[in-house]
Amino acid sequence: MRIEIGSEFEESENKLLKESTFDYWVKGNDYKLTFSGRTSLDLILHDIGCYSTVYLPDYCCESMITPFIDHGFDCKFYEVKFEENNVKLSIDSNIQNSVILFMGYFGFSKLNDVNTTSKIQDQGNIIIYDATHSFFSQTQGVSADYTLASLRKWLPIPSGGIAIKTKGLFKEDYTLNNSNEIVQTKIEAMRKKKDYLEGRNIEKGFLQDFKMFNEQLKNSYKNLDIDHHSEMILRSYDYKKMIDQRRINAEQLLYELDHKEVNVKVLTDSIGGNDVPLFLPIEVPNRESLRTYLIKEGIYLPVHWPTPNHPYFENVKKKIYRNELSIVCDQRYSCDDMRFLVQKVREYYKNGHIF
Ligand SMILES: Cc1ncc(COP(=O)(O)O)c(C=O)c1O
């Protein structure tokens, strides 16, 4: 049995393919690989030039807002509502001459409101689609002017983001500096984590290394290229295997969670034929208590997201920021791991934790 489930990717021994299938997922005329999702947004905003207002979803993470603030944008927000296994966006269809950022959530087509987004394309707006959660789902869907994704969320690469321009080419004057040195701490942390998981090392010093890397990224995310090691993995990764495993794991989770004793609400109830889940999101009113219980069992589930630190959110008390918990279903894990994970959730409720 695994000693730990979740959290940052460890170094992986996945067999790499000779033929790259990566380009299959890139829908657009021009693309650049970058260090991170934030770098990709920075590159896109540089390419867009002189716009001053952006509309962002009111369910998002701070790192999606930061590049807009750094480019001097006035950030406005539109409402994202989760209801009956679907997502609905409330956005004024008369918005003009603005940048509008859309995203699909967690890789599920039911959590990607394509109907609303397709209405608002014209009127001089620039549409950016954040495909971080839905990059491998065929529902990328929206015909945006630009697409970006943080690819490092999907596979064991220390760095990796992508910026795609649907029509035409990116301006050539955005510099992407070499990042091979910067990622060394992360490569080392991923290796140490692998040693820890395989019992060759009992120290968890890698936690500090991951933290340092993430802090550094917060402070300097601009003008950075993807590192060579990550690009090599990205271009030869077995995506079919990844996709199959994620879908199987998410199906298993949905099956296991559909049970009275488990007491959690899934944000969506089914996986579309072309959906590739990043995580399976659930809502639990007692999130921190459940999360702490699972950590004691070696299960580390992320939260999407802490409420962003932006004045707009001082008066917005969205339930989802308090209740959401993301169940991991990535390619590192098997159906048995998913069963084990839900069994631990079930134990939590059996042990008298109710809400
Ligand atoms: C939806 C989404 N977009 C963009 C980003 C930024 O990606 P990165 O952390 O690679 O800069 C994140 C980060 O969590 C994200 O969740």
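Residues numbered from 1 in each chain as written. Predicted model: local features only at pLDDT ≥ 70, side-chain atom pairs only at ≥ 80, totals over all residues.

Visitor: I tried to follow the overall build of the protein chain on my own but got confused; where do I start?
Guide: The helix and strand inventory of the protein chain stands at ten helices and 13 strands. In summary, the protein chain has a C-alpha radius of gyration of 20 Å against a globular reference of 20 Å for 355 residues, a match within 12%. Taking the principal axes of its C-alpha atoms as reference, the protein chain extends roughly 55 × 45 × 35 Å. Burial statistics for the protein chain: of 355 residues in total, 40% are counted as buried. Within the protein chain, residue pairs in contact and separated by at least 24 positions form 73% of the contacts whose partners lie at least 6 positions apart. (Helix = DSSP H or I, 4+ residues; strand = E, 2+ residues; numbered from the N terminus. Rg over C-alpha atoms; globule rule 2.2 N^0.38 Å. Buried ≥ 20, exposed ≤ 12 C-beta atoms within 10 Å, placed from the backbone. Contact = placed C-beta atoms within 7 Å.)

Visitor: Before we go on, may I ask you to explain the domain arrangement of the protein chain in this structure?
Guide: Accessible area lost during the coming together of the parts is what is often quoted as the interface size. Partitioning the protein chain into structural domains gives domain 1 (22-165) and domain 2 (239-350). Between domain 1 and domain 2, the C-alpha centre-to-centre distance is 23 Å. Listed per partner, the contact involves 23 residues of domain 1 and 23 residues of domain 2. Mapped onto the side of domain 1 that touches domain 2, the elements with two or more residues apiece are α2 (62-70) and β4 (74-83). If one sorts the elements of the side of domain 1 that touches domain 2 by residue count, β4 sits on top with three residues. In terms of residue class, the side of domain 1 that touches domain 2 is built from twelve nonpolar, seven polar and four charged. (Domains from an automatic or database assignment. Nonpolar A, V, L, I, M, F, W, Y, C, P; charged D, E, K, R; others polar.)

Visitor: Explain the packing of helix α7 (residues 239-257) against helix α10 (residues 335-350) to me, please; I cannot follow it from the model alone.
Guide: How two helices sit against one another is set out by the angle between their axes and by the gap between those axes. Interaxial distance between α7 and α10 falls to 9 Å at its minimum, and their mutual angle equals 30°. Considered as vectors, α7 and α10 are oriented roughly parallel to each other. Considering only the axes of α7 and α10, their crossing is right-handed. Residues I248, N249, Q252, L253, E256 and L257 of α7 lie in contact with α10, whose contacting residues are C335, M338, R339 and V342. Looking at side-chain class alone, the contact of α7 with α10 contains six nonpolar, two polar and two charged residues. (Axes fitted to C-alpha atoms, helices over the stretch in contact; angles between N-to-C directions. Parallel < 35°, antiparallel > 145°, perpendicular 65-115°, else oblique. Left-handed = near helix turned anticlockwise from the far one by under 90°.)

Visitor: Sorry, what's going on with the site of the ligand here?
Guide: By nearness alone, 13 residues border the ligand, and S36, G37, R38, T132 and S150 come closest of all. When the residues that make up the shell around the ligand are grouped by side-chain class, the tally is three nonpolar, seven polar and three charged. (Near = placed C-beta within 6 Å.)

Visitor: Looking at this structure, I do not really get unusual backbone geometry. What am I missing?
Guide: Trans peptide bonds make up most of the peptide bonds, and negative phi angles are found at most residues other than glycine. In this model, H304 is joined to W305 through a cis peptide bond whose omega is 0°. Following the sequence through the fold, W305 ends up in the loop between β12 (299-300) and α9 (319-323). Despite not being glycine, S7 shows a phi value in the positive range, around 70°. By secondary structure assignment, the location of S7 is in the loop between β1 (5-6) and β2 (30-34). Taking the C-beta count within 10 Å as the criterion, S7 has 16 such neighbours and is therefore assigned partly exposed. Unusually for a residue other than glycine, N97 sits at a positive phi of about 50°.

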